[in-house]
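Coordinate inspection notes
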Amino acid sequence: MSENCMVCDSSSAQYHFGATVCRACAAFFRRYVNTKKLTILCNCLSKKESQYPCRLCRMKKCLAVGMERCKVQGPRDINNSLKRKMIEGSSPTYSLSSGSPASTISNIEFGITPRSVELINLLAKNYRNLEATRSTIFNISEEKNALGVNLYELSLEVKTDAKLLWKLCETTFPQFDRLDRSDKKTLFYNFYSKWSILEVAIFSTKYNDPHNFYSPSGSVAKSINDFYVNTVREEAILTEEEVIRIFEPYWTYHFQNVIGPLVKLQFGETENMALFGIMLWDAGYVNVSEELADVCHSMRKIICRELSSYLAENDVSPSRFFETLDTINIIEKAEHKCQEEIELCGVYNFEVDEDMRKMVMWEKY
């Protein structure tokens, strides 16, 4: 008669890594030992009774029933350079003191070794260079900045700025540079609107001004009535009151639900650049092929690992990591609002550069 798994109590268990467990729990333990894992919190309370325990509790039980890390063979395909970056060698045991804000995190071995944030630092350096290039290209004087930009002028800036960001992606990520043109366009168009939304919050923090929208050049957006202009028709389709009634809710949404919360988080350069990379290498869209998705998952793991290491090395609460990732949900909701706004601009003949319109309305869901 077969024994039950000592971890999950399923049938058909056998001896694996020092304990009698099922193949699923053995595979889980092997993956945990051989791959990098971020520090995790217990979320069992949010799960249904019929589900497995969370990864944290499952790993604790594996260790409790006698499974041993030393009995797990090293990972295969070590010669693959990309996989090798994500293979962990022998790592010291990390434990959090009971006084830590994350005292609910287990003191089991997570396999996290302090590492450099090479990729994020390179991205930050190249982004600073991009800001200098923007200053030269856009050459915005204080007087011109005081006048502000309207929607059409903003869209022309976006057209130029997108080329600079595309080049930044190629320079920073060799994996991006090696993609064919079609895959590059897919990733970049999926990414650009989200980054633009985050960058508005970055500018608001930089200029200590959460009450205005800023363009890539650093110019302030004009007031609502002057922002939406019709450069084709001489007669306005909408009155000023109608413009405010239709478009003010979008501005209010962005200030209250996007810029305000993001500015309040006060992300530093490293966190903002990590979000840049995570949003660029996003495989969660229907237009991303399986092959491209594999590259995205690998790149995201590297970036998340570096962000986690940076936060740990600077004694930042582990919850900050999840706060950083949660901002993507805020940004994606705001992206849908931007699409609605651009659609309305088309309805009422407010001119937008075609390249910007294509990026904002890019079909990816």
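Residues numbered from 1 in each chain as written. Predicted model: local features only at pLDDT ≥ 70, side-chain atom pairs only at ≥ 80, totals over all residues. Heavy atoms only, no water.

**Observations concerning unusual backbone geometry**
Both trends apply: most residues other than glycine have a negative phi, and most peptide bonds are in trans. In this structure, phenylalanine 17 takes a positive phi of about 55° despite not being glycine. Relative to the helices and strands, phenylalanine 17 resides in the loop between strand E1 (14–16) and strand E2 (19–21). Phenylalanine 17 gets classed as buried once you look at its relative accessible area, which sits at 16%. (Helix = DSSP H or I, 4+ residues; strand = E, 2+ residues; numbered from the N terminus. Buried < 20%, exposed > 50% of the residue type's maximum accessible area, 1.4 Å probe, protein only.)

**Some remarks on the confidence of the model for the chain**
Looking at the chain, the pLDDT average stands at 82 and 79% of residues meet or exceed 70. At the level of individual helices and strands, the chain shows its lowest average pLDDT in helix H3 (residues 81–85), which scores 44, and its highest in helix H11 (residues 269–280), which scores 96. Low confidence marks residues 77–114, where pLDDT is under 50. Its contacts with residues over four positions away, or in another chain, come to 72 contacts. (pLDDT = per-residue confidence, 0-100. Contact = heavy atoms within 4.5 Å.)

**Quick notes on the pattern of salt bridges**
A full pass over the atoms with the stated rule returns 15 salt bridges. The closest approach of N and O atoms between glutamate 199 and arginine 134, which form a salt bridge, is 2.8 Å. One end of the pair, glutamate 199, is in helix H8 (residues 181–206); the other, arginine 134, is in helix H4 (residues 118–138), with 65 residues separating them in the sequence. Exposure remark for glutamate 199: the relative accessible area of 4% places this residue in the buried category. In this structure, arginine 320 and glutamate 271 form a salt bridge, with 2.6 Å as the shortest nitrogen-oxygen distance. In this pair, arginine 320 is assigned in helix H13 (residues 319–347) and glutamate 271 in helix H11, connecting sequence segments 49 residues apart. Judged on exposure class, the residue arginine 320 and its partner glutamate 271 are both buried. Each member of the salt-bridge network shares a partner with another, and the members are Arg134, Asp161 and Glu199. (Salt bridge = Lys/Arg side-chain N within 4 Å of Asp/Glu carboxyl O.)

**With respect to the packing of aromatic side chains**
Applying the stated criterion to the full structure yields 24 aromatic pairs. Centroid distance tryptophan 166 to phenylalanine 176: 5.9 Å. Interplanar angle 80°. Geometry classified as edge-to-face. Pair noted here: tryptophan 166 is in helix H6 (residues 151–172) and phenylalanine 176 is in helix H7 (residues 174–177), with a separation of 10 residues, a long-range link. With respect to class, tryptophan 166 is no different from phenylalanine 176; both count as buried. With a centroid separation of 5.7 Å and 85° between ring planes, the pair formed by phenylalanine 173 and tryptophan 281 is classed as edge-to-face. Of this pair, phenylalanine 173 sits in the loop between H6 and H7 while tryptophan 281 sits in the loop between H11 and helix H12 (290–313), placing them 108 residues apart in sequence. Under the relative-accessibility criterion, phenylalanine 173 is labelled buried at 1%. Each member of the aromatic cluster is reached from another via a ring pair, and the members are Tyr127, Trp166, Phe173, Phe176, Phe188, Phe191, Tyr192, Trp195, Phe276 and Trp281. (Phe/Tyr/Trp six-rings, centres within 6.5 Å; stacked < 30°, edge-to-face > 60°.)

**Focus: the side chain of threonine 172**
Tracing the backbone through its elements, the reader meets threonine 172 in helix H6. Assessed through its relative accessible area of 1%, threonine 172 is described here as buried. Reaching out from threonine 172, the side chain makes a polar contact with the side chain of asparagine 126 at a distance of 2.8 Å. One polar contact links the side chain of threonine 172 to the main-chain carbonyl oxygen of leucine 168, over a distance of 2.9 Å. When neighbours within four sequence positions are excluded, threonine 172 is seen to be in contact with Leu119, Leu122, Leu123 and Asn126. (Polar contact = N/O pair within 3.5 Å; in protein donor to acceptor, adjacent residues only side chain to side chain.)

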